[in-house]
Each structure stands twice: as structure tokens, then as C-alpha cells.
Amino acid sequence: MLALVRDRLLAHTFGAGGELDLYYAAFRIPDLMFALFASVLSVYVLLPFVTKAKEKGNLQAGSNVLSQIFSAFLVTYAISAVVVFIGAPYLVGLIFPGFGAEDSNMLVLLIRVLLLQPFLLGISSLFGVITQYSQRFILYAISPLVYNLGIILGIAVFYPIFGLIGLVLGVVVGALGHMLIQLPLVSRSELNFKLLTNIDWPLVKSVLVFAFPRAITLSIHQVVLLVFVSFATLMAAGSVSVFQFAFNLQSVPLAVVGMSYSVAAFPVLAELFAKQQRETFCIHLMSAFRHIIFWSMPIIALVIVLRAQIVRAILGSGSFSWNDTRLTAAMLAVLVVSLIAQSLMLLLVRAFYAGGNTRTPLLIALTGAFVSISSTVLLIAVYDSAPYVNQLVDSLFRLEGVQGTEVLLLGLTFIFGTIFEMVLLLIFSARLFGLNWFKLTRQVLQSLAAAVVSAIVAYITLNFIVDGVNQETLIGIILQGAVAGVFGIIGAILTYYVLGSKELHEIYTSFRSKILKTDVIAPQSEVL
């Protein structure tokens, strides 16, 4: 919710324009650096090493592991940051060719300031290992909230004083808060680490070998986003902002559905695979798949129908114009189509990791990145050379007269690359784990029917029942979208009920047992 507040303030202050393009573009290189380093500093990577060292010795041995990684991180990141700091003018000219000389100079300055962000968040990731080990999960969860509060502070307070530099200063303050909120606990912990002058490079190497595939896999996705932003800088002003706004909005259901199920499933899958309980492993994986599909399809349908109301309610104020709304809404409708693919990818990658296979997701990520980037180059070439393609895109998304519709091509190629990557993961997971994905056919058809019904009901409600609501006010837009959304959700639930959805029954019994504290009969495990 704080992220949505953050984006609304940015939209209100700048609209989808050149200044915000610079701000979003400035993140791409630091975010790529963070993806590389944070993968090594991750709780998932370091906690097993800390636990293993503690079992062999004591907490001091675990502290030594963190001290070694911290020291190595300081050395390697300092060198990397200095290289990027000095080479920023060359990198900006190479990666973001669409910006003019003045904008490029400002972008160089923004990137140099933002180099502090990966450094602070990297240390915070090390703090997170101690926080998680101490089972202080609420404290760990508060950190990203503080980060967003820092960005909001930059928008509201620093920007009026310092301009665009104030925005990135807010990011740095947020990253600092992300780290400092955990510092009191860390300073009292026996796992508290320190800077060492004698680094145990064999230990660091063992961590790197374990973390390298994951680091490269995450970095590949950041590279794809960087390439997309690079192409967007060659398009109309505001294209970077439109893409980023829509990407952030579609990330909300992705976090709620895809990330939730995949994170929850990972420790169970890892334990089952370690115990050689392959059949139960497959049952849990298929169950998570069914529920992701159950939620995702109706969400996709509702977001497509209510895209304008969603964008206008969240972003539509101040400098964010109606044309900005229409273009961002169209981009949101495109990107959200990949919700199922993205959610299933999150789950499948963790299934491979649980099975001790990090090489296959890496190779598939490389292939998917190649497909995304090459298809982007091809589609942009076709779009530029064939006027009828422009007209087709404009009419398909009802964007006649709106400038900058070529940015939608990035959304289309993002979908293509994501679905291609998901299909490869499905094929290789079927071979590795012996899964039969055709058993999900019934679930897919049920969810498709629920999605169609929910879309039709929401559309009818939107156009015939609440059409008279005043759309010039925020309350009117929220009311219109909320009423149509509620009726669409009811339509999806009734469709699932009529079709005898197993997932609907499981969710109902789960809520009933937890909220009403009543005992329920556990469903029998499905047979694969």
C-alpha cells in the first residue's frame, strides 16, 4: 500500500513525463548491481552456512561467516561502485541513447547518488540473516515499509528543495532506514559481525559457488528490464514512466498470489525432496499450481475490464493526465496477461531450487531473456516500417489520438518472453519430477469460465449499472470500479460453485477452520 502511495505521489507531481523517465532510468544500473550482490547476501543463501557453522562450533563461528561475507562484500562492492561511478557517462550514453545531453548529465548524477542504495541494502540483507535467525519476522517485514517511507519523504520534502536529486536522496534515506531499523537487534546479537582484514577466500568461494546460479538468474531479469527501459528512452517522452507504473501495478497481484504461494511452498518442497518423498512433493507442487490458476485467471479478467478505473484511482491526480491514464491502463492490461506465467515461474524456480537444481532455471532464464530482447527488436522494426500495425495497436486498445502507443510493444514482448520461459520450465519440470501437467486441464477450464463470467458481469455493471456515477471525482471512480469489481468477484465465485471447484471448497474449509476455530475433515490427497 505504501508503494501505491509512493507511485501516486510520483504521478501527481510529475505525470508520465521526461523528469520521471530520468528517475526510473537511474535505478536500472544500481538495481542490477543489487541483484548480483543481494543474491549472495540473501537469507536463503547465508542462513544454511550460519546454521552449519553454529552446529560445528558456536554462535561465534556463525558470526565469523557473516564477518567474512561482510568484508568481502565491502571490498568487491567498493571496487564495482568506483568503476560504475567513473564510467557512468559512458554507460549512460551506451544504455540510454534516447536522452539528450542535459538529461544524460542529470542521469549520470542520479546514478552516482543511487550507488549508495545497493550498498546500504546489501548490509541490511546481512542484518536480515540475523533478524530471521532470531525469528524477529515482524522487524524483518517492517524494513521495506521504512524504505518506501524514505522515498515518500524524498517526494514530499526533498524534491521541492533539491529537485530530482532530492528524489534519489529520499531513496538513499529509505535504504538507510531499511538497514538501521534492524541495527538495535543486530548490535545485541551474538551473531553480530565486523570488518575483518584477513578474509577467508575459500569460505567466500564456497558461498559464491552456491549462490552464483541464483545471482545470475535474478540479474538476467534485471538486464531484460534494463533493455526495455533502454528501448523506452527512444520512444515518446514518458514511455519509461508508463512502463514502470504499469509494471508496478501488475506486481501487486503477482506479490499477493504468485509470491505468496511460491514462498510458502518452498520450505515444504525442500524438506519433502530431501526426504525423498517425491509423490508428496508432486502433490504439494500441483496443489500450489491449482490455487495459483484459481486466483490468477479471474484477477486477469477483472484487471483488464477495470484497468482505467484502477489506474485513475491510484495514479490519476495532479500532473497525471487522462492520456497518461489511458496509455498506462493499456500497458497494465497487456502486462497482467502474464500474471499466471510469472506466478508459475516463481513457483517452478523454487521447485527446482528445492530439488537442488539451480542450473536449469539459469539456462531457461538466459533463453527467455534472448527471446524477449530479440522479439522486442523485431517487433519495433515491424512497427516502424508498417503503418497498419500502428493503427491495429491503437484500435485494439482504443488509443486513437494518444501519443506514444509504441511503448505497448514492450509489454507484448514481455508477455511473449515470460510465457516462453514458463513453457520451458513446465517441460523440464515434468521430466525432472515426473509431473503430468495435463491433470490441470479441468482446473484451467474452470478458471477460464470463471474469468469470462467475472469479466462479463463486471463489464455490464460498469456500463449499465454504475455508468451514471460521477467519474470526475476520485470517490466516483473508486465507487464505480469497486461496485463493478464486487459483482465480478461474485460472478467468479458462483461460477466456481456451479462447476464444483475443488479449490473453492478447500479455501472455504480453510477459512472456516481458522476464523470459526472449527475442526474440518482434511481433503484426501489427489492421486497423480
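Just so it is clear, the structure is predicted and the values come from calculations on it, not from any experiment.

1. Some thoughts on the overall build of the protein chain
Part 1 of the argument: The number of helices and strands found in the protein chain is 21 helices and zero strands.
Part 2 of the argument: Relative to its length of 528 residues, the protein chain is compact, with a C-alpha radius of gyration of 24 Å against a globular reference of 24 Å.
Part 3 of the argument: Once the C-alpha set of the protein chain is aligned to its principal axes, its extents read approximately 70 × 65 × 45 Å.
Part 4 of the argument: For the protein chain, with 528 residues in total, the buried portion stands at 54%.
Part 5 of the argument: Sequence-distant contacts, at least 24 apart, represent 83% of the contacts inside the protein chain between residues at least 6 apart.

2. A word on the packing of helix α12 (residues 278-305) against helix α14 (residues 322-336)
Packed helices, taken two at a time, are described by the angle between their axes plus the distance between the axes.
Part 1 of the argument: The N-to-C vectors of α12 and α14 enclose an angle of 165°; their axes lie 9 Å apart at closest approach. Put simply, α12 runs roughly antiparallel to α14. At the point where α12 passes α14, the crossing takes the left-handed sense. In contact with I300, V303 and I304 of α12, α14 contributes L332, A333 and V336.
Part 2 of the argument: By residue class, the composition of the contact of α12 with α14 is six nonpolar, no polar and no charged.

3. Topic: helix α11 (residues 239-274)
Part 1 of the argument: Along its length, α11 reaches its greatest deviation from straightness, about 45°, at L254.
Part 2 of the argument: Immediately downstream of α11, the backbone of Q276 shows phi near 60°, a positive value.

4. Digging into the environment of L306
Part 1 of the argument: Along the polypeptide, L306 turns up in the loop between α12 and α13 (307-315).
Part 2 of the argument: Each C-alpha atom, one on L306 and one on A329, is 8.9 Å from the other, the two residues being 23 residues apart in sequence.
Part 3 of the argument: In this structure L306 touches L462, G481, A484 and G485, once residues within four positions along its chain are discounted.

5. Some points on the pattern of salt bridges
Part 1 of the argument: In total, this model carries four salt bridges according to the counting rule given.
Part 2 of the argument: The partner of R28 in a salt bridge is D31, with the nearest N and O atoms 3.5 Å apart. You can see R28 and its partner D31 sitting in helix α2 (residues 18-41), three residues apart, about one turn around the helix.
Part 3 of the argument: By relative accessible area, which is 5% here, R28 ends up buried.

6. Section: the packing of α2 against helix α10 (residues 201-232)
Part 1 of the argument: At a minimum axis separation of 6 Å, α2 and α10 run at an interaxial angle of 165°. By the angle between their directions, the pair α2 and α10 is classed as roughly antiparallel. By crossing handedness, the relation of α2 to α10 is classed as right-handed.
Part 2 of the argument: Looking at the contact of α2 with α10 residue by residue, the class counts come to 16 nonpolar, three polar and three charged.

7. Some points on helix α8 (residues 164-180)
Part 1 of the argument: Taking 1.5 Å per residue as the helical rise, α8 with its 17 residues ought to reach 24 Å, and the 25 Å between its terminal C-alpha atoms agrees with that figure.
Part 2 of the argument: Most of α8 sits inside the fold, with 13 of its 17 residues counted as buried.

8. As for the packing of aromatic side chains
Part 1 of the argument: If you walk through the whole model with that rule in mind, you get 25 aromatic pairs.
Part 2 of the argument: Both rings, one in F73 and one in F119, keep their centres 6.1 Å apart while their planes meet at 10°; by these two values the pair is stacked. Placement of F73 in helix α4 (residues 59-95) and of F119 in helix α6 (residues 116-133) is noted, with a sequence separation of 46 residues between them.
Part 3 of the argument: Residue F73 is classed as buried on the basis of its relative accessible area of 3%.
Part 4 of the argument: Judged by its relative accessible area of 26%, F119 is partly exposed.
Part 5 of the argument: On the numbers, 5.9 Å between centres and 25° between planes, the contact of F243 with F247 is stacked. With F243 and F247 both in helix α11, this residue pair falls four residues apart, about one helical turn.

9. Looking at the nonpolar core
Part 1 of the argument: In terms of nonpolar packing, the biggest core is built from 159 residues, with Y23, F281 and L285 touching the most fellow members.
Part 2 of the argument: Ranked by residues supplied to this core, first place goes to α12 with 14 residues.
Part 3 of the argument: Excluding anything up to four places from it in sequence, Y23 contacts L10, L110, I151, L167, V168 and V171.
Part 4 of the argument: Counting six residues, the second largest nonpolar core, distinct from the first, contains A492, Y496, L504 and I507.

10. Description of the confidence of the model for the protein chain
Part 1 of the argument: Looking at the protein chain, pLDDT values average 86 and 94% of them are 70 or higher.
Part 2 of the argument: Confidence drops under pLDDT 50 across residues 518-528; counting only partners more than four residues distant or on other chains, this segment forms 17 contacts.

11. A few points about the environment of N357
Part 1 of the argument: Here N357 is to be found in the loop between α15 (339-354) and α16 (359-385).
Part 2 of the argument: Sequence-wise, N357 and P213 are 144 residues apart; in three dimensions their C-alpha atoms are separated by 9.5 Å.
Part 3 of the argument: Among residues more than four places away in sequence, those in contact with N357 are F352 and L432.
Part 4 of the argument: A distance of 3.2 Å separates a polar atom in the side chain of N357 from the backbone nitrogen of R359.

12. Section: the environment of G434
Part 1 of the argument: Positionally, G434 belongs in the loop between α18 (408-433) and α19 (441-465).
Part 2 of the argument: The exposure class assigned to G434 is exposed, which follows from its relative accessible area of 59%.
Part 3 of the argument: Between the C-alpha atom of G434 and that of M422, which follows or precedes it by twelve residues, the distance is 17 Å.

13. Considerations on a nonpolar patch on the surface
Part 1 of the argument: Taken together, L445, L448, V452, I456, Y459, I460 and F464 make up a surface patch of nonpolar side chains, about 720 Å² in accessible area.
Part 2 of the argument: Exposure remark for Y459: the relative accessible area of 45% places this residue in the partly exposed category.

Rules behind the numbers
Residues numbered from 1 in each chain as written. Predicted model: local features only at pLDDT ≥ 70, side-chain atom pairs only at ≥ 80, totals over all residues. Heavy atoms only, no water. Helix = DSSP H or I, 4+ residues; strand = E, 2+ residues; numbered from the N terminus. Rg over C-alpha atoms; globule rule 2.2 N^0.38 Å. Buried < 20%, exposed > 50% of the residue type's maximum accessible area, 1.4 Å probe, protein only. Contact = heavy atoms within 4.5 Å. Axes fitted to C-alpha atoms, helices over the stretch in contact; angles between N-to-C directions. Parallel < 35°, antiparallel > 145°, perpendicular 65-115°, else oblique. Left-handed = near helix turned anticlockwise from the far one by under 90°. Nonpolar A, V, L, I, M, F, W, Y, C, P; charged D, E, K, R; others polar. Bend = angle between axes of the 7 residues up to and from the residue. Salt bridge = Lys/Arg side-chain N within 4 Å of Asp/Glu carboxyl O. Expected span 1.5 Å × (residues − 1). Phe/Tyr/Trp six-rings, centres within 6.5 Å; stacked < 30°, edge-to-face > 60°. Core = buried A, V, L, I, M, F, W, Y, C linked by side-chain atoms within 4.5 Å. pLDDT = per-residue confidence, 0-100. Polar contact = N/O pair within 3.5 Å; in protein donor to acceptor, adjacent residues only side chain to side chain. Patch = residues over 30% accessible without salt bridge, like charges linked within 9 Å, V, L, I, M, F, W, Y side chains within 5 Å. Areas by Shrake-Rupley, 256 points an atom, 1.4 Å probe, with all protein chains shown as cover.

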